[in-house]
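# Per-entry structural report
The chain contents come next:
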Amino acid sequence: MRSSFPRLTLVFAFSVAVGILGPLLGPVSGPVSQVVSDTLSAGWAYAAVAYAAGMASRTKKGAAVLGVASLWVCVTVYYLTKAAQGDYLKADLGDPTGKTEYFAWGELLSMIGLWAVFACLLGPVCGVAGRASLSGPYPLLSRLLLPVVIVVETTMRLSHPAPLQDQSVVTMWHVTRVLAIALAVAVVVRGLWKGRASVRQAG
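Residues numbered from 1 in each chain as written. Predicted model: local features only at pLDDT ≥ 70, side-chain atom pairs only at ≥ 80, totals over all residues. Heavy atoms only, no water.

### Things to note about the overall build of the chain
Secondary structure assignment for the chain yields 7 helices and 2 strands. Along the chain, helices and strands appear, N-terminal first, in the series α-α-α-α-β-β-α-α-α. Considered along the principal axes of its C-alpha atoms, the chain spans approximately 85 × 45 × 25 Å. The 203 residues of the chain split such that 35% are buried. Carbon and sulfur atoms form 72% of the exposed surface of the chain, whose accessible area is close to 12,100 Å². Taken together, the 16 basic and 8 acidic charged side chains of the chain have centroids lying 30 Å from each other. (Helix = DSSP H or I, 4+ residues; strand = E, 2+ residues; numbered from the N terminus. Buried < 20%, exposed > 50% of the residue type's maximum accessible area, 1.4 Å probe, protein only. Areas by Shrake-Rupley, 256 points an atom, 1.4 Å probe, with all protein chains shown as cover. Lys, Arg positive; Asp, Glu negative; His and termini not counted. Charge placed at Lys NZ, Arg CZ, Asp CG, Glu CD.)

### Considerations on the packing of helix H4 (residues 60-84) against helix H5 (residues 105-132)
Across the interface, H4 lies against H5 with an axial gap of 7 Å and an inter-helix angle of 150°. The two elements H4 and H5 meet at a crossing, and its hand is right-handed. Every residue of H5 that contacts H4 at Lys60, Ala63, Ala64, Gly67, Val68, Leu71, Trp72, Val75, Thr76, Tyr79, Leu80 and Ala83 is listed here: Leu108, Met111, Ile112, Trp115, Ala116, Ala119, Cys120, Gly123, Pro124, Gly127, Val128 and Arg131. Among the residues forming the contact of H4 with H5, the class breakdown is 18 nonpolar, 4 polar and 2 charged. (Axes fitted to C-alpha atoms, helices over the stretch in contact; angles between N-to-C directions. Left-handed = near helix turned anticlockwise from the far one by under 90°. Contact = heavy atoms within 4.5 Å. Nonpolar A, V, L, I, M, F, W, Y, C, P; charged D, E, K, R; others polar.)

### Looking at the packing of aromatic side chains
To describe a pair of aromatic rings, one takes the distance between the centres and the angle between the planes. The final tally for this structure, using the stated rule, is 4 aromatic pairs. On the numbers, 5.0 Å between centres and 85° between planes, the contact of Tyr78 with Tyr79 is edge-to-face. In this structure, Tyr78 and Tyr79 share a single accessibility class: buried. Between the aromatic rings of Tyr88 and Phe103, the centroid separation amounts to 6.4 Å while the plane-to-plane angle is 55°, which identifies the pairing as tilted. Taken together, the residues span a long stretch of sequence, with Tyr88 in the loop between H4 and strand E1 (89-91) and Phe103 in strand E2 (residues 101-103) at a distance of 15 residues. Counting every residue linked through ring pairs, the aromatic cluster contains Tyr88, Phe103 and Trp105. (Phe/Tyr/Trp six-rings, centres within 6.5 Å; stacked < 30°, edge-to-face > 60°.)

### Some words on the environment of Met156
On the secondary structure map, Met156 appears in helix H6 (residues 139-159). For Met156, a relative accessible area of 55% translates into the label exposed.

### Describing the nonpolar core
In terms of nonpolar packing, the biggest core is built from 21 residues, with Tyr46, Tyr79 and Leu108 touching the most fellow members. Taken together, the elements giving at least two residues each to this core come down to helix H3 (43-55), H4 and H5. Considering each element in turn, this core owes the most residues, 7 residues, to H3. Counting residues in each nonpolar core, the second largest holds 10 residues, with Val169, Val170, Met172 and Trp173 among its members. (Core = buried A, V, L, I, M, F, W, Y, C linked by side-chain atoms within 4.5 Å.)

In structure tokens:
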């Protein structure tokens, strides 16, 4: 138990950091903060959190559990940060002056609950893939998961860019996609090279 504590602490600290920094950096002026905010709020960043959690686990079952738990932490911290920024303060329509506000607890909890359900579906997949990338029957496929997720998401975002999206963010999606493709190619080449070396040694 003691030996696993540092790893668990690191996993959840990483989850909290991703969950907080995404919304926290959004309102900060400047292209760099906006790019970092959008990156940490992207779906693939959350997939990376669960993937990293799986890598920190010693068993397949533990990787699945940590994948879900890390995403729960991320989602909860993300929406609590948004709430602290005032996103869930609503105007009371019963007040004609529009000065009365209330906190929309139902909306906050429903958003956390919705993404917690998605975490239950995606967390085990990413967590187990992270574990399998280090020790498993299909390491090559496991290592390709994140690059493929990144390519798919960035392609979708670039196919339907937001009208008011900053150019620096659009550039970030292009660069991220190129890097993901390069990483996927590197993973495949390395895997094929190792496989070829193993065949030679066996022969």
